[in-house]
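Given next are the chains, with one letter for each unit.
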Amino acid sequence: MPDTTPIPVTVLTGYLGAGKTTLLNRILSENHGKKFAVVINEFGELGVDNDLVVDADEEVFEMNNGCICCTVRGDLIRIIGGLMKRKGDLDGIIIETTGLADPAPVAQTFFVDEDVKARTRLDAIVTVVDAKNLPARLADSREAEEQIAFADIVLLNKMDLVSPDEAAEVERRIRAINPQVEIRRSTKSDVPLEAVLGRDAFNLARILEREPEFLSGDDDHEHDSEIQSLSFEAPRPIDPEKFNAWISGLLAQKGQDLLRTKGILHYRGEDRRFAFQAVHMMADGDFVGEWRDGDPRRSKIVFIGRDLNRPQLRRGFEACQVEDTAAA
Amino acid sequence: MSETAQDSDFLLESRGVSRDLGAWVVGIAWERGGGGACGFGLGDGTVRVARPAAAGEEWANAPAHEGGACLSLCADARGGFLSGGDDGRLVRVAADAAVEEIARPARTRWVEHVAAHESGVRAAAVGKAVHLYDANGAALKTLAHPSAVGGVCFDAKGKRVAASHYNGASLWFVGAKEDKSRVLEWKGSHAAIAVSPDGTHVVTAMQENALHGWRLADGQHMRMSGYPSKTRSLAFTARGRWLATSGADSVVIWPFHGGGPMGKAPTELAGGDGVFCTAVSCHPQHEVVAAGFADGLVLLSEIASGKVVPVAPPGRGGVSALAWNGSGTHLAFGTETGFAGMVDLSRR
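Position numbers for residues count from 1 along each chain, tracking the sequence in the order it is written. Ligands are numbered from 1 and chains lettered from A, in the order in which they are written. Residues qualify for local features only when their pLDDT is at least 70, as the model is predicted, and side-chain atom pairs are given and counted only at 80 or more; totals for whole chains, interfaces and linings, by contrast, use all residues.

(A) How the structure looks around the overall build of chain B. Counting from the N terminus, the helices are the DSSP runs of H or I reaching at least four residues and the strands are the DSSP runs of E reaching at least two. Helix and strand counts for chain B stand at one helix and 30 strands. Relative to a compact globule of 348 residues, whose C-alpha radius of gyration would be 20 Å, chain B shows 19 Å and is just as compact. Principal axes of the C-alpha set define a box for chain B whose edges measure 60 × 50 × 35 Å. Relative to its full complement of 348 residues, chain B shows a buried share of 55%. A pair of residues counts as a contact when their C-beta atoms, built from backbone coordinates, are within 7 Å of each other. Across chain B, every contact between residues at least 6 apart in sequence was considered, and the portion connecting residues at least 24 apart equals 46%. Every radius of gyration here is taken over C-alpha atoms, with the globule rule written as 2.2 Å times N^0.38, N being the number of residues. Exposure classes come from backbone-placed C-beta atoms, where a residue is buried if 20 or more other C-beta atoms lie within 10 Å of its own, exposed if 12 or fewer do, and partly exposed in between.

(B) Structural context of the overall build of chain A. Per the secondary structure count, chain A includes nine helices and 14 strands. Burial analysis of chain A (328 residues in total) assigns 45% to the buried set. Taking all contacts inside chain A whose residues are at least 6 apart in sequence as the whole, residues at least 24 apart take part in 75%.

(C) Summary view of the domain arrangement of chain A. All names here are of chain A. According to the domain assignment, chain A contains domain 1 (7-202) and domain 2 (220-326). Domain ranges listed in this record stem from an automatic or a database domain assignment. Put simply, the middle of domain 1 and the middle of domain 2, counted by C-alpha atoms, are 26 Å apart. Mapped onto the side of domain 1 that touches domain 2, the elements with two or more residues apiece are α3 (104-112), α6 (142-150) and α7 (164-177). No other element matches α3, which puts five residues into the side of domain 1 that touches domain 2. Classification convention: Asp, Glu, Lys, Arg as charged; Ala, Val, Leu, Ile, Met, Phe, Trp, Tyr, Cys, Pro as nonpolar; all other residues, Gly among them, as polar. Considering only residue class, the side of domain 1 that touches domain 2 consists of 13 nonpolar, three polar and three charged.

(D) Representation of the interface of chain A and chain B in the model. Each partner contributes to the interface: chain A provides 20 residues, whereas chain B provides 27 residues. When contributions to the side of chain A that touches chain B are tallied by element, the ones reaching two or more residues are β3 (53-56) and α2 (74-83) of chain A. For the side of chain A that touches chain B, the element with the highest residue contribution is α2(A), accounting for four residues. Residues of the side of chain A that touches chain B, tallied by class, amount to six nonpolar, four polar and ten charged.

(E) A look at α7(A). Residues and elements named next belong to chain A. Multiplying 1.5 Å by the residue count of a helix minus one yields the expected span of that helix. Over its 14 residues, α7 runs 20 Å from end to end, which matches the ideal 20 Å to within 8%, given 1.5 Å per residue. Taken residue by residue, α7 has V170, I174, R175, A176 and I177 as its buried positions. Those residues of α7 hidden inside the fold are in contact with α5 (134-140), α6, β8 (153-157), β9 (182-185) and β10 (227-234).

(F) Focus on the nonpolar core. When buried Ala, Val, Leu, Ile, Met, Phe, Trp, Tyr and Cys residues are joined through C-beta atoms within 7 Å, the set is termed a nonpolar core. With 117 residues, the main nonpolar core has V280(B) and V289(B) as its most contacted residues. In terms of residue count, strand β16 (residues 182-195) of chain B provides more of this core than any other element does, six residues in total. Among residues more than four places away in sequence, those in contact with V289(B) are A244(B), V251(B), I253(B), L269(B), V280(B), C282(B), S301(B) and I303(B). The next biggest cluster of nonpolar side chains, apart from the first, holds 88 residues, and it includes C70(A), A104(A), I177(A) and I264(A).

(G) Inspection of the sheet that holds strand β27 (residues 308-312) of chain B at higher detail. All names here are of chain B. Pairing is antiparallel across the open sheet formed by four strands, whose spatial order is β24-β25-β26-β27. Looking at which strands have only one partner, the edges of the open sheet turn out to be β24 (277-282) and β27. For this sheet, the mean angle separating the axes of adjacent strands, direction not counted, is 25°. As paired elements, β24 and strand β25 (residues 288-293) share five bridges and run antiparallel to each other. If you follow C282 over to β25, its bridge partner there is V289. Strands were regarded as paired on the criterion that DSSP finds at least two bridges between them. Where helices are involved, their axes are fitted lines through C-alpha atoms of the stretch in contact, as for all axes, and angles between N-to-C directions lie from 0 to 180°.

(H) Up close: the confidence of the model for chain A. Residue-level confidence of the predictor is what pLDDT reports, using numbers from 0 through 100. In this model, chain A carries an average pLDDT of 86, and 88% of its residues clear a pLDDT of 70 or more. Residue range residues 214-221 of chain A is modelled with pLDDT below 50. Its contacts to residues more than four positions away, or to other chains, number twelve contacts.

(I) Main features of unusual backbone geometry. Residue and element names in this part refer to chain A. The residue K188 is not glycine, and still its phi comes out positive at about 55°. Take K188: it is sitting in the loop between β9 and β10. Unusually for a residue other than glycine, S189 sits at a positive phi of about 55°. In this fold, S189 is placed in the loop between β9 and β10.

(J) Representation of the UniProt feature "domain: CobW C-terminal" (unreviewed entry) in chain A in the model. UniProt positions are given in the numbering used here, feature names are shortened, and annotations may be inferred rather than shown by experiment. Under the present numbering, the feature "domain: CobW C-terminal" (unreviewed entry) in UniProt falls on residues 227-321 of chain A. Summarising residues 227-321 of chain A: 25% helix, 44% strand, and an end-to-end C-alpha distance of 27 Å.

(K) Just the sheet that holds strand β29 (residues 330-335) of chain B, in detail. Residues and elements named next belong to chain B. The strand order across the open sheet formed by four strands is β1-β30-β29-β28, and the pairing between neighbours is antiparallel. Every other strand in the sheet has two partners, leaving β1 (16-20) and β28 (319-324) as the edge strands with one partner each. Each adjacent strand pair in this sheet contributes to an overall mean axis angle of 10°, direction not counted.

(L) Broad picture of the pairing of strand β2 (residues 25-30) of chain B. Residue and element names in this part refer to chain B. Among the six residues of β2, six are classified as buried, and the element is accordingly described as predominantly covered. Relative to strand β3 (residues 38-42), β2 is paired through five bridges, and the arrangement is antiparallel. Its bridge partner lying in β3, I28 is registered against F40.

(M) Examining the environment of S18(B) more closely. Structurally, the position occupied by S18(B) is in strand β1. Setting aside residues up to four positions removed in sequence, S18(B) forms contacts with L12(B), F339(B), A340(B) and G341(B).

(N) The arrangement of the environment of L171(B) in detail. All names here are of chain B. Checked against the element boundaries, L171 lands in strand β15 (residues 160-173). Residue class for L171 comes out partly exposed when judged on the 18 C-beta atoms lying within 10 Å of it. It is 5.1 Å that separates the C-alpha atoms of L171 and R182, two residues lying eleven residues apart in sequence. Once residues lying within four places of it in the same chain are set aside, the contact partners of L171 are R160, A162, S181, R182, L184 and V202.

(O) Expanded view of the pairing of β15(B). Residue and element names in this part refer to chain B. Here β15 lies mainly inside the structure; eleven of its 14 residues are buried. Here strand β14 (residues 151-154) pairs with β15 via four bridges, running antiparallel. Its bridge partner being in β15, C153 is matched across the sheet by A162. Adjacent in sequence and paired antiparallel, β14 and β15 are bridged by five residues, among which G158 carries a positive phi angle near 75°. Bridge analysis of β15 against β16 gives five bridges, and the strand direction is antiparallel. Considered in β16, the bridge of L171 is made with R182.

See the structure below:
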């Protein structure tokens, strides 16, 4: 009987020349005994002859629901539908995007399409960046910044071309955009495959598992990128109704500027943690098990986006708490 | 066989044969003409061929797309089957399971949709293109679309071919000297497509859990919505009075007569147990619909009376393909988990 466990999907983004193709070639040629389907764009230059390399045109479709940031990759819906029909022999799917691609439609496809949702799970968004050229890319390209904002893992590649100081500065720039991201340094994309595959980073149970290494808690740090990250904590339990009303209004109004939102919430009278994530306006949330003994039950939310109003977001989140006296 | 007490109530038990084919049943087609063989296109790249006259014997195994998957199967123009695969090949599978490559329009792209008409013309959709071939396999033309094609079909006469895509569908004359399509516009992504038997309407299934239709005479739009999931399968009844669709927890039937479907509510057949319909096929003469559901249930329903006859019990995977033979005496079905059945419904 064909397997019905969802197939993990890794999204590989990164600017032209950063080393995506090198990484892909390694994944395909290394002797790991696994079978991956690789979806590439037509400008890809894969050196490996593999039955399961699929050429795709990046077809970004607007969903017909009146929301302009609600875009999906129509080609992926078709391709994943096709791959699911193969005899259950796939260990994973890797989707390479073009250098200039906005990662949002790819991620949103996994929230929107019921078949894709039922048969696959988004494992992680991996962004390969060129340590030497990243500062220049961040200066001239909106997409380079977005790719970092969306990433779960950044592969800081071509480390042989930068000095330790330059490397530290590049990492600082990356963390200013996305403080939760895991950064792996590499030369010629030489990281263990476990570092990029099978990471389960979109699992609600693992949301905000990584503590931000650079908490942008203070307002005084310089904003050298257009995209910023804000995180807030709430000491008192959250009222689910207030939170739902606030977050749905916020995503509807501000979703275009909010690239990724992640939260772990302590709901009033609830021993389980509630995890929440959104890509632009598309949100997903569920209870993900009990709070660990001894861990403080504090709710936390992180926004990555453009043009964010810190005081307003903080006030909004704090207002979702139950009244002081009613603490559970 | 399942252990349920009602197994004997299902026609598969008394009048059918079944097989575990071991791979997703992607498409089912019955041979045109007198041959009467039934082809099952599978996700393991093979096409299995069964003959109702000798259904109990081994079903022939045609290696249509080695190492790949069959993505679409239809009856070929003149006997045998046409199969499109993720190996980029368009092949013909004969009733004796012989495989012949008609074309390889792509290397790293897929032949996602195929269609054929008894007049001898064949169509294969690869990405944004629909390639047309004649009965001998010679390439006739390539029709270009603005985005990837989500479905392709011929009209009843084989004169026009319709392809769905992003923001609408395109209608082409097969024999036109100069290829210019009539573009039927509607915002959104369109997949499964059907042309009414009289050639007056085109209907597509959309990404947004709705159907969209166009009346060709005046371009009138028809929006058919309210589905809880995506419609994957849609079919007109023999004389085109009804359109049967999957995607709801009943078989949703839209009236294409008496001024409908505009302003008319659809009829719902065989609903009520909360399981989505996943495949439909209309009887070639009578107003009877065969439907398959996500739990594996297969049934027949008569539109006029709403009467339901069970064919196969739930429990062997969601029904992924379903087809009547040309004379309406046999029904074949297959599931995502590779279960396949063929039932003899002729008078005894």
